[in-house]
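Secondary and tertiary structure notes
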Amino acid sequence: MSIQFTTDDSPGHRRLALWQDIVCDVFVGLDCKSDLGSAFRGSVTQATLGKAVCSEVCSDRQRVFRTPSRIARSDQDFVLVALGNHGDGGVVQDGRETVIHPGEFALYDTTRPYELKFKDAFTQTIFKVPREMLQRRLGRTEALTALSFGAGAPLERLAYDFIVRLCQNADQLATDHAAALSEQAVDLLAMALSERLGKRSLPSSTHRSALLYRLKAHIRAHLADPDLSLSETAAALGISPRYVNDLLADEDTSFQRYVLAERLAQCRRDLATPMLAHRHVSEIAFAWGFNDLSHFGRVFREHFEMSPREFRQSQLRH
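Small disclaimer: the values here were computed from a predicted structure and weren't measured.

Brief notes about the packing of helix α7 (residues 230-237) against helix α8 (residues 241-249)
Their axes nearest at 8 Å, the elements α7 and α8 cross at an angle of 90°. Comparing the axis directions of α7 and α8 gives the class roughly perpendicular. In this structure, α7 contributes Leu230, Ser231 and Ala234 to the contact, and α8 contributes Pro241, Val244 and Asn245. Taken together, the residues of the contact of α7 with α8 sort by class into four nonpolar, two polar and no charged.

Some thoughts on the environment of Phe40
Here Phe40 shows up in the loop between β2 (31-33) and β3 (42-49). Beyond its immediate sequence surroundings of up to four residues, Phe40 is in contact with Thr7, Arg15, Leu16, Trp19, Ser34, Ser59, Asp60, Arg61 and Gln62.

What about the side chain of Glu104?
Looking at the secondary structure, you find Glu104 in the loop between β8 (96-100) and β9 (105-109). The charged side chain of Glu104 is buried without a salt bridge, its nearest counter-charge being Arg157 at 8.0 Å. The contacts of Glu104, once residues within four sequence positions are left out, are Ala82, Leu83, Gly84, Val99, Ser148, Phe149, Ala151 and Tyr160.

Things to note about the state of the cysteines
As enumerated under the stated definition, the model contains one disulfide in all. Between the sulfur atoms of Cys54 and its disulfide partner Cys167 the distance amounts to 2.4 Å. Of note, the bridge from Cys54 to Cys167 carries an S-S torsion of about -65° and is left-handed in sense. Within this pair, whereas Cys54 is found in strand β4 (residues 52-59), its partner Cys167 is found in helix α4 (residues 154-168), the two being separated by 113 residues in sequence. We note that Cys58 lacks a disulfide partner, and the nearest cysteine sulfur, in Cys167, lies 13 Å from it.

As for the domain arrangement of the chain
You'll often see interface size given as the accessible area lost when the parts meet. Domain annotation for the chain reports domain 1 (3-200) and domain 2 (223-316). The C-alpha-based centres of domain 1 and domain 2 are spaced at 32 Å. Counting residues at the interface gives five residues for domain 1, matched by six residues for domain 2. Approximately 470 Å² of surface area, both sides summed, lies buried where domain 1 meets domain 2, with 48% of it carried by carbon and sulfur atoms. Area buried by domain 1 at its contact with domain 2 is led by Arg136, Asp176 and His177, which between them contribute 72% of it. Run the count over domain 1 and domain 2 and you get zero salt bridges. Counting every contact that joins domain 1 to domain 2 gives zero residue pairs in polar contact (both at pLDDT 80 or more). Of all the elements in the fold, those that place two or more residues in the side of domain 1 that touches domain 2 are α3 (131-138) and α5 (175-199). Considering only residue class, the side of domain 1 that touches domain 2 consists of no nonpolar, three polar and two charged.

The rules we used
Residues numbered from 1 in each chain as written. Predicted model: local features only at pLDDT ≥ 70, side-chain atom pairs only at ≥ 80, totals over all residues. Heavy atoms only, no water. Axes fitted to C-alpha atoms, helices over the stretch in contact; angles between N-to-C directions. Helix = DSSP H or I, 4+ residues; strand = E, 2+ residues; numbered from the N terminus. Parallel < 35°, antiparallel > 145°, perpendicular 65-115°, else oblique. Contact = heavy atoms within 4.5 Å. Nonpolar A, V, L, I, M, F, W, Y, C, P; charged D, E, K, R; others polar. Buried < 20%, exposed > 50% of the residue type's maximum accessible area, 1.4 Å probe, protein only. Lys, Arg positive; Asp, Glu negative; His and termini not counted. Salt bridge = Lys/Arg side-chain N within 4 Å of Asp/Glu carboxyl O. Disulfide = S-S within 2.5 Å. Domains from an automatic or database assignment. Buried area = accessible area lost by both parts, 1.4 Å probe. Polar contact = N/O pair within 3.5 Å; in protein donor to acceptor, adjacent residues only side chain to side chain.

Next up, the structure:
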């Protein structure tokens, strides 16, 4: 990732103020404090990765606050995954506090207040993900913030390694590859988070989130099957069809609407991918579980305000 901002070229007496103005205000909307004054140093690199954003933050000690007033003035709706590279960093949110050591990661949510504590110099990779990307796979995230992941759990360590390496190479990836890899990173992250949920003694609301993740994972794994049904999905999870729709109602959807939205999202992605330009629209639709081409064309237009062919042409011209 290329340098976006560094204090090194600024006069000492301006460094902390510039860090506040440029990094904390522009990048994430935070209040930053440090007792180092003119001795303060910091840098930020950044690159987009599909809908996600990768950053690397290198800084001296500081405290960072996401306050209610900042949230009120912002429309940011992201989950940030902070991955420790060097030094330790504290995260406080939702009544919990944890410390991120090198090789570990933790989540915090921009829609609620949080505090970050750095007692010494540190380097972290920040993977900023639209909250809906994670909620679509996992459900609500409130039970997952300010918890440390990655120490000794193979799936958590795999998620850490994959996201860090991906962010290191984000600015060298083709746009379509970057978008696909960001989705894979969030898939892997959701798997690691869900595994942790399954091993802890948790409130019923959090067990419900874990079950919602399993439900979504089953649907996503079987999207290509045109016979995917509510009754079969309920049986696979050992719950009733009514409870399947009850879980999805938490997100104002139903089994039928969720399956349709996921199939359309996958078709939209494939239609916008240059490497798949040789495939007919019908091939893509049938590959994701549609079995009626006229129905596919109609619902695609209803959701995206253009036909599948028009959408593909608009994307491949760029």
